[in-house]
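Fold and contact review
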Amino acid sequence: MSISKPTPETDAVLVEATCETLEMIIQPRDRDLGGGSMVKRILPFHKRRSVGPFVFFDHFGPTDAPPGAGMDVRPHPHIGLATVTYLFEGAIAHKDTVGSDLVVRPGAVNWMTAGKGIVHSERTPPKERATGQRMHGIQTWVALPVSHENMEPDFKHHPAETIPAFELGGAQMHLIAGQAWGHVSPVEFPHPIWYLAGEAPGGAIFDIPADAADERAIYIAAGTAQVGSQTLEAGQMGILNEHCDVRVKAEAGAKFMLAGGAPYPEKRLIEWNFVASSPEILEAARNDWAASAASGWEGTRFTLPEGEDEFIPYP
């Protein structure tokens, strides 16, 4: 086995492909979302743009917000993707232009399908803003198939009790999307997908089968885990080799995500908050966002969620 040491230029560990090793280890890059709100950015990565349909992967927290402080992500647009927020701790108030206005909490799933265009905001709920709260979670973008890029926008909230939960070698698993270990998620997505959250309060040992998904990755959100013959630390994503069953040994207290699915035959482009299969689609969205703001959101492609009067301009 040969391992190349990661550098600031590569931010990855490339390994010889065997069933005992990972195809790649992606290191987190710190990103400021504005106002000092920092996240760990995993995908996209220059050597690995996606894993299955997952084209964007951010890890925020764990952080403690004092009373009076909180998250205020102003309304902004999306196209060509579905966003999903999964929380280990904390709460986020979500509002969008299809009329959704609710709070997501740990274990529940907010699945927002942008399609041809949606606008949403994410803020700390009033109760948690008053008392302060600890925030820890994952936000991902899942690219839509080309056949669904221009679909009508949609939003589905799945309460925690509707998400399949099961024990796997000592880990407490929650199946966010797709099928795994005999369970099926209620989340609907028009493309093969595989997405789970796991916690190992007392440690866990389990195998990820080669046929779980065409492309598979494990992300360590807290603690450490041995994956094959390698150890992953918090903040690292390991890309699993195809055609290999992989054993995971998670330490006590570890939290992790499993993500993947079938890759798309077409390349996906990302610009700002937009995902598309062509530069022309991106350009139209960029121009329409600017035109919508200039026209006061009346009779335009994009509008603002009810009760919102702020927005994030195109950078």
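What comes next is a walk through the structure. (Residues numbered from 1 in each chain as written. Predicted model: local features only at pLDDT ≥ 70, side-chain atom pairs only at ≥ 80, totals over all residues. Heavy atoms only, no water.)

1. Describing the nonpolar core
The biggest cluster of nonpolar side chains holds 43 residues, and the ones touching the most others in it are Phe 57, Trp 111, Ile 176, Tyr 195, Met 237 and Met 257. When residues of this core are assigned to their parent elements, the largest contribution, 5 residues, is made by strand β7 (residues 81-89). The next biggest cluster of nonpolar side chains, apart from the first, holds 28 residues, and it includes Trp 194, Ala 250, Phe 256 and Leu 258. (Core = buried A, V, L, I, M, F, W, Y, C linked by side-chain atoms within 4.5 Å. Buried < 20%, exposed > 50% of the residue type's maximum accessible area, 1.4 Å probe, protein only. Helix = DSSP H or I, 4+ residues; strand = E, 2+ residues; numbered from the N terminus.)

2. Examining helix α2 (residues 279-294)
With 16 residues, α2 should cover 22 Å at 1.5 Å per step; its first-to-last C-alpha distance of 23 Å lies within 8% of that length. Along α2, the residues that are buried comprise Leu 282, Ala 285, Trp 289 and Ser 292. Taken end-on, α2 shows its buried residues confined to a sector of 95 degrees, consistent with a single buried face. Of the exposed residues in α2, the ones pointing more than 90 degrees away from its buried face are Glu 280 and Ala 294. If you follow the buried residues of α2, they end up packed against β6 (72-78), β11 (118-123), β25 (269-271) and β26 (274-276). Gly 296 occupies a position one or two residues after α2 and carries a positive phi of about 70 degrees. (Expected span 1.5 Å × (residues − 1). Arc of directions from axis to C-beta. Contact = heavy atoms within 4.5 Å.)

3. Considering the pattern of salt bridges
With the rule as written, the count across this model stands at 17 salt bridges. Where Glu 310 meets Arg 123, a salt bridge forms, and the shortest distance between an N and an O atom there is 2.9 Å. Here Glu 310, found in the segment after α2, pairs with Arg 123, found in strand β11; they are 187 residues apart in sequence, far enough to count as distant. Put simply, Arg 247 and Asp 207 hold a salt bridge, and the shortest N to O gap is 2.7 Å. Residue Arg 247 is located in strand β23 (residues 246-250), and its partner Asp 207 is located in strand β18 (residues 204-208); the two are separated by 40 residues in the primary sequence. (Salt bridge = Lys/Arg side-chain N within 4 Å of Asp/Glu carboxyl O.)

4. Some remarks on empty space enclosed by the protein
In the structure shown here, the tally under the stated rule is 1 cavity of 30 Å³ or more. In this structure, the largest cavity spans a volume of roughly 60 Å³. Lining the largest cavity are Thr 83, Thr 85, Ile 92, His 94, Val 104, Asn 110, Met 112, His 120, Glu 122, Gln 139 and Phe 155. At the level of secondary structure, the elements contributing two or more residues to the lining of the largest cavity comprise β7, β8 (92-96), β10 (109-113) and β11. When its residues are assigned to classes, the lining of the largest cavity shows 4 nonpolar, 6 polar and 1 charged. (1 Å grid on protein atoms, 1.4 Å probe; cavity = no way out; pocket = protein on both sides within 12 Å on 5 of 7 lines; lining within 4 Å. Points joined across faces, edges and corners; volume = space filled by probe spheres on them. Nonpolar A, V, L, I, M, F, W, Y, C, P; charged D, E, K, R; others polar.)

5. Some words on the side chain of Glu 149
If you trace the backbone, Glu 149 turns up in the loop between β12 (133-143) and β13 (154-158). Of the side chains bearing the opposite charge, Arg 268 lies closest to the buried Glu 149, which forms no salt bridge; the N-O distance is 4.8 Å. Those residues in contact with Glu 149, other than ones at most four positions away along the chain, are Gly 80, Gly 115, Lys 116, Leu 144, Val 275, Ala 276, Ser 277 and Ile 281. (Lys, Arg positive; Asp, Glu negative; His and termini not counted.)

6. Some remarks on the sheet that holds β23
Taken together, the 4 strands give an open sheet; going across it, the order is β18-β23-β20-β21, and neighbouring strands pair in antiparallel fashion. A strand with exactly one partner marks an edge of an open sheet, and here the two such strands are β18 and β21 (230-233). Within the sheet, the average angular offset between the axes of one strand and its neighbour, ignoring direction, is 25 degrees. Both strand β20 (residues 224-227) and β21 contribute to a ladder of 4 bridges, which runs antiparallel. The residue of β21 that forms the bridge with Ala 225 is Leu 232. (Pairing = 2+ DSSP bridges. Axes fitted to C-alpha atoms, helices over the stretch in contact; angles between N-to-C directions.)

7. Quick look at the packing of aromatic side chains
Across all of its chains, the model carries 14 aromatic pairs by this definition. Where Trp 272 meets Trp 289, the ring centres are 6.4 Å apart and the plane angle is 50 degrees; that geometry is what we call tilted. With a gap of 17 residues between them, Trp 272 in the loop between β25 and β26 and Trp 289 in helix α2 connect regions that are remote in the sequence. The partly exposed category is assigned to Trp 272, whose relative accessible area is 24%. With a relative accessible area of 1%, Trp 289 lands in the buried category. (Phe/Tyr/Trp six-rings, centres within 6.5 Å; stacked < 30°, edge-to-face > 60°.)

8. Notes on the sheet that holds β10
Within the open sheet, the 7 strands sit side by side as β3-β4-β5-β12-β7-β10-β13. Their pairing is antiparallel. The open sheet has two edge strands with one neighbour each: β3 (29-32) and β13. Along the sheet, successive strands turn relative to each other by an average axial angle of 20 degrees, direction set aside. The sheet contact formed by β7 and β10 spans 4 bridges and is antiparallel. Each residue of the ladder has a partner; that of Thr 85, found in β10, is Asn 110.

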